[in-house]
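Overview (structure and organization)
Take a look at the letters that make up each chain.
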Amino acid sequence: VAIFEVFIGFMLLIKKWVPFVILLLAPISLNILLFHMFLDIPAIATAIVVVALNAMLIYKYRQNYSALFT
């Protein structure tokens, strides 16, 4: 999983296939949030930041996802 996360981060840094990479990142960030909600509450702030940043990226590229919801 860590190699996958590094690959996603690298793809975001070079701005290659950003809408696709954001969709790959969404379940990982949701899993991070749920883990901290149920098992590690004191460290939930980092998880909230990760989910918020992912949500901002999804919102920024929302026009690319319009075909998924029509």
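Our subject is the structure that appears above.
What you see is a predicted model, and the numbers here were worked out from it, not measured in a lab.

By the element assignment, A52 lies in helix α3 (residues 44-60). Accessibility expressed as a relative area gives 37% for A52, which makes it partly exposed. Note: C-alpha distance between A52 and I3 (49 residues apart in sequence) is 22 Å.

For the structure shown, the criterion picks out zero aromatic pairs. One residue, R62, lies across the ring of Y59, its end atom 4.1 Å from the ring centre.

Following the sequence through the fold, G9 ends up in helix α1 (residues 2-13). The class for G9 is partly exposed, based on a relative accessible area of 29%. Separated by 29 residues in the primary sequence, G9 and F38 place their C-alpha atoms 26 Å from one another.

With that settled, consider the nonpolar core. In terms of nonpolar packing, the biggest core is built from five residues, these being I8, M11, V21, L25 and I28. Listing elements by their share of this core, those giving two or more residues are α1 and α2 (18-38). Among the elements that line this core, the one with the most residues is α2, at three residues. Excluding anything up to four places from it in sequence, I8 contacts V21, L24, L25 and I28.

So, about the packing of α1 against α2. As a packed pair, α1 and α2 sit with axes 10 Å apart at the nearest point and diverge in direction by 145 degrees. As α1 runs across α2, the sense of the crossing is left-handed. Across the interface between the two elements, F4, E5, I8, M11 and L12 of α1 pack against V18, V21, I22, L24, L25 and I28 of α2.

The rules behind these values
Residues numbered from 1 in each chain as written. Predicted model: local features only at pLDDT ≥ 70, side-chain atom pairs only at ≥ 80, totals over all residues. Heavy atoms only, no water. Helix = DSSP H or I, 4+ residues; strand = E, 2+ residues; numbered from the N terminus. Buried < 20%, exposed > 50% of the residue type's maximum accessible area, 1.4 Å probe, protein only. Phe/Tyr/Trp six-rings, centres within 6.5 Å; stacked < 30°, edge-to-face > 60°. Lys NZ or Arg CZ within 6 Å of the ring centre and 35° of its normal. Core = buried A, V, L, I, M, F, W, Y, C linked by side-chain atoms within 4.5 Å. Contact = heavy atoms within 4.5 Å. Axes fitted to C-alpha atoms, helices over the stretch in contact; angles between N-to-C directions. Left-handed = near helix turned anticlockwise from the far one by under 90°.

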